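The residues making up each chain are set out below.
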Amino acid sequence: MGLPDMRRHHLSVVLEHLVRSGPRSRAALAQDIGLTKATVSAVVADLLSRALVEEREPASGRIGRPAIALGVSTSVVALGLQIDADRVEASVVDLAGTVRARHRRGGDHREAEPAEVLGLLRDVTAEAMADVHDEGLWCAGAGLAVPGLVDPETGALFVAPNLHWLDVDLTAPQSLLGLPPSLPVTVDNEANLAALAELRHGVGRQHSSFVYVSGGVGIGAGVVIGGRVVRGAHGFAGELGHVGIDPSGSRCACGERGCLETVVGVGRRASAVRRADALAAALRDVVNLIDPEAVVLGGAFSPGGDELASAVADRLHASTLGARWRPCPVMTSSLGPDAALLGATTTALDAVVADPTIVPVEPLTQTA
Ligand SMILES: [Zn+2]
């Protein structure tokens, strides 16, 4: 590793430690990471000049001169964008994973033309970018969460059943959304992105293998094994909503009958018992197939979803082969409906942590 590479590496290691572990003094950073205090001081000076970290007032009341703590700054952000059947949303998320601002338009998009919905998304994106500009923030990039099958390489959207979208070209999202051509923008499936957020900010802190179930008008899943989201051969994995529950059930947006989401999707009128039965029936196969450490119910399932989680857990414990020895816990997501938006910012914010030098020195004067 040459000197510039070494410097970049140290910047990344210190920033990552602050992002993952919270505020620390320079001395504590040196001790945690195993660098000299002189190196840490130089690295911190560089991170301060890029407005990536900020100094925090020390807690008072301690004996002796308290050390100034360093925390991740709130001025480097990414945009989390989402299209769903009932809303479009643009949020501003900082390096610590805090949602700083959000703009949304509600509505029923199930019969709307893609151009109309993308127009609404363009509007909320412009409002979020106005926040970025007005507050002197530096935007690292954006991510768009969509409820359908996406080619993760190109961003092409193949199908979003609940929007009735087929082959919608999202491969040039910057021009579609009115964003600067140089801004990195990724497009991905909403459940995969929510699982990524869960991995980073939620249940992933305790478990490296879990199945995240995203509740909405449609039902998706993000499968995480060994700390990575499993996407399948084409990026299509995790379509839990289209697992068959009832061959004589009602017609699904995908064309089949009796898919899980025709029973438990938002807006469906199933009883609490029927919902738990259907979710458990689909998840029983998942647990038997991949043996996750946990199942997490998120999206529309998570606010106040503990009763549903416990009902599903009871059914899984009674029906999966290994449950008698290793029952799979079912929990609700602490991230709530924001998980996909948070996950959508991960790629852009991770790029900053991996190479903090992509943020210019004194970014605030450069965006002004
Ligand atoms: Zn279906």
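Up top is the structure these notes are about.
Worth saying up front: this structure is predicted, and the values here are computed from it rather than measured. (Residues numbered from 1 in each chain as written. Predicted model: local features only at pLDDT ≥ 70, side-chain atom pairs only at ≥ 80, totals over all residues. Heavy atoms only, no water.)

Observations regarding the sheet that holds strand β5 (residues 87-94)
Line of reasoning, step 1. Overall, mixed pairing links the five strands, which are arranged β6-β5-β4-β7-β11 in an open sheet. Whereas interior strands pair on both sides, the edge strands pair on one side only; in this sheet they are β6 (99-106) and β11 (185-189). Across the sheet, the mean angle from the axis of one strand to that of its neighbour is 15 degrees, orientation sign disregarded.
Line of reasoning, step 2. Summarising the sheet, strand β7 (residues 138-146) and β11 pair through five bridges and their orientation is parallel. Residue pairing for β11: Ala145 is matched across the bridge by Asp188.
Line of reasoning, step 3. Sheet strands in contact with helix α4 (residues 114-134) are β4 (76-84), β5, β6 and β7, and its direction is about 25 degrees off that of β5.
Line of reasoning, step 4. Together, β4, β7 and β11 form the strand contacts of helix α6 (residues 190-201), whose direction differs from that of β11 by roughly 100 degrees. (Pairing = 2+ DSSP bridges. Helix = DSSP H or I, 4+ residues; strand = E, 2+ residues; numbered from the N terminus. Axes fitted to C-alpha atoms, helices over the stretch in contact; angles between N-to-C directions. Contact = heavy atoms within 4.5 Å.)

Observations regarding the side chain of Ser91
Line of reasoning, step 1. Topologically, Ser91 is positioned in strand β5.
Line of reasoning, step 2. Apart from residues no more than four positions distant in its own chain, Ser91 is found in contact with Ala78, Leu79, Gly80, Val99, Ala101, Arg102 and Leu341.

Remarks on the pairing of β6
Line of reasoning, step 1. Taken together, the seven bridges between β5 and β6 define a ladder with antiparallel strand orientation. For Val93, the partnering residue across the bridge sits in β6 and is Val99.
Line of reasoning, step 2. Taking the residues between adjacent antiparallel strands as the criterion, β5 and β6 are bridged by four residues, where Gly97 takes a positive phi near 85 degrees.

Remarks on the packing of helix α8 (residues 272-290) against helix α9 (residues 306-319)
Line of reasoning, step 1. Where α8 meets α9, the closest approach of the two axes is 8 Å, and the angle between their N-to-C directions is 50 degrees. As the angle between them shows, α8 and α9 are arranged oblique. Helix-helix and strand crossings are classified by hand; for α8 and α9 the assignment is right-handed. Facing α8, whose interface residues are Val273, Arg275, Ala276, Asp277, Leu279, Ala280, Leu283, Arg284 and Val287, α9 presents Leu308, Ala311, Val312, Arg315, Leu316 and Ser319. (Parallel < 35°, antiparallel > 145°, perpendicular 65-115°, else oblique. Left-handed = near helix turned anticlockwise from the far one by under 90°.)

Quick look at the pairing of β7
Line of reasoning, step 1. In terms of residue burial, β7 counts as a mostly covered element, since nine of its nine residues are buried.
Line of reasoning, step 2. Pairing geometry for β4 and β7, over six bridges, is parallel. Each residue of the ladder has a partner; that of Val77, found in β7, is Cys139. (Buried < 20%, exposed > 50% of the residue type's maximum accessible area, 1.4 Å probe, protein only.)

Comments concerning the nonpolar core
Line of reasoning, step 1. Within the largest apolar cluster, 45 residues are counted, with the highest numbers of intra-cluster contacts made by Leu15, Leu47, Leu52, Leu95, Phe210 and Val352.
Line of reasoning, step 2. Here the element with the most residues in this core is α6; it accounts for six residues.
Line of reasoning, step 3. In contact with Leu52, not counting residues within four places along its chain, are Leu15, Leu47, Gly71, Val72, Ser73, Val76, Leu95, Val352, Pro356 and Val359.
Line of reasoning, step 4. Formed by 32 residues, the second largest nonpolar core is a distinct cluster that contains Val92, Val117, Val150 and Leu157. (Core = buried A, V, L, I, M, F, W, Y, C linked by side-chain atoms within 4.5 Å.)

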